[in-house]
Amino acid sequence: MPPEGVVRTGISLPKKLLDRLDELRQSLGIESRSKAIQEAINTFISEKIWLLGKEEAVVAGSVTIFYTHGKGDVERKLVELQHFFLDLIRSTTHVHVTEEKCMEVILVVGSVKKLRDLVSYIETLKAVEEVRTSLHIV
Ligand code: NI
């Protein structure tokens, strides 16, 4: 029997994903898979919870974009996007990480609806490898 308040569940995972989790878990000294999976779920929830906010709810935070420099006219598209969402964007910082890779951090304050639109658009860009949000409902 699991301890009170704990539910046992079975999940299916691709072997490669489980191997990566185990490698990371061991290097971090996390003793059990359950603990590592709990931590992963907590991180997922804290990153995505803002998406459950009402469309008009205000969120504040950052959108971090990792992308390939010069691919698919990405720099121009990101600038156009930021001019379009002018009322949402407070600040942008660009870092040339390597000759090929760039990172852009956009600080935002605005509605859940507009943030969803902004993030969805960024995710459609072919040059974009990863988009990470750290957004909090105000
Ligand atoms: Ni750059």
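*Asks:* Explain the overall build of the protein to me, and be specific about the residues and the numbers.
*Replies:* Within the protein one finds four helices and four strands. Expected size for 138 residues packed as a compact globule is a radius of gyration near 14 Å; at 18 Å, the protein overshoots this value by more than 25%. Overall, the C-alpha framework of the protein stretches about 55 × 40 × 25 Å when taken along its three principal axes. The burial tally for the protein puts 11% of its 138 residues in the buried class. Expressed as a percentage of contacts within the protein between residues at least 6 apart in sequence, the contacts between residues at least 24 apart total 71%.

*Asks:* Pulling in residues and values, what's your account of the nonpolar core?
*Replies:* Core analysis: the largest hydrophobic core is formed by 15 residues, its most contacted members being Val63, Ile65, Tyr67 and Leu115. When residues of this core are traced back to their parent elements, those giving at least two are β1 (58-68), α3 (74-84), β3 (101-111), α4 (112-124) and β4 (128-137). Per-element tally for this core: the top contributor is β1, with four residues. Setting aside its immediate chain neighbours within four residues, Ile65 contacts Met103, Glu104, Ile122, Val128 and Val131.

*Asks:* With reference to specific residues and values, describe the domain arrangement of the protein.
*Replies:* Domain boundaries in the protein define domain 1 (15-50) and domain 2 (54-137). Taking only C-alpha atoms into account, the centre of domain 1 sits 26 Å from that of domain 2.

*Asks:* Requested: an account of the environment of Thr133, with residues and values cited.
*Replies:* Following the sequence through the fold, Thr133 ends up in strand β4. Distance in space between the C-alpha atoms of Thr133 and Val105 is 9.6 Å, their sequence separation being 28 residues. Thr133 has contacts with Glu47, Gly61, Val63 and Val119, leaving out every residue within four places of it along the chain.

*Asks:* Requested: an account of the sheet that holds β4, with residues and values cited.
*Replies:* Read from one edge to the other, the open sheet built from four strands follows the order β2-β3-β1-β4, with strand pairing classed as antiparallel. Each edge of the open sheet is held by one strand with a lone partner, namely β2 (89-96) and β4. The sheet shows a mean angle of 15 degrees between the axes of neighbouring strands, direction not considered. In terms of strand pairing, β1 meets β3 through 11 bridges, oriented antiparallel. In the sheet register, Thr64 faces β3, and the bridge partner there is Val105.

*Asks:* Outline the pairing of β1, supporting the account with residue identities and numerical values.
*Replies:* In regular strands, side chains alternate between the two faces of the sheet. Sheet topology places β1 next to β4; nine bridges connect them, and they run antiparallel. Note that in β4 the partner of Gly61 across the bridge is Leu135.

Calculation notes
Residues numbered from 1 in each chain as written. Predicted model: local features only at pLDDT ≥ 70, side-chain atom pairs only at ≥ 80, totals over all residues. Helix = DSSP H or I, 4+ residues; strand = E, 2+ residues; numbered from the N terminus. Rg over C-alpha atoms; globule rule 2.2 N^0.38 Å. Buried ≥ 20, exposed ≤ 12 C-beta atoms within 10 Å, placed from the backbone. Contact = placed C-beta atoms within 7 Å. Core = buried A, V, L, I, M, F, W, Y, C linked by C-beta atoms within 7 Å. Domains from an automatic or database assignment. Pairing = 2+ DSSP bridges. Axes fitted to C-alpha atoms, helices over the stretch in contact; angles between N-to-C directions.

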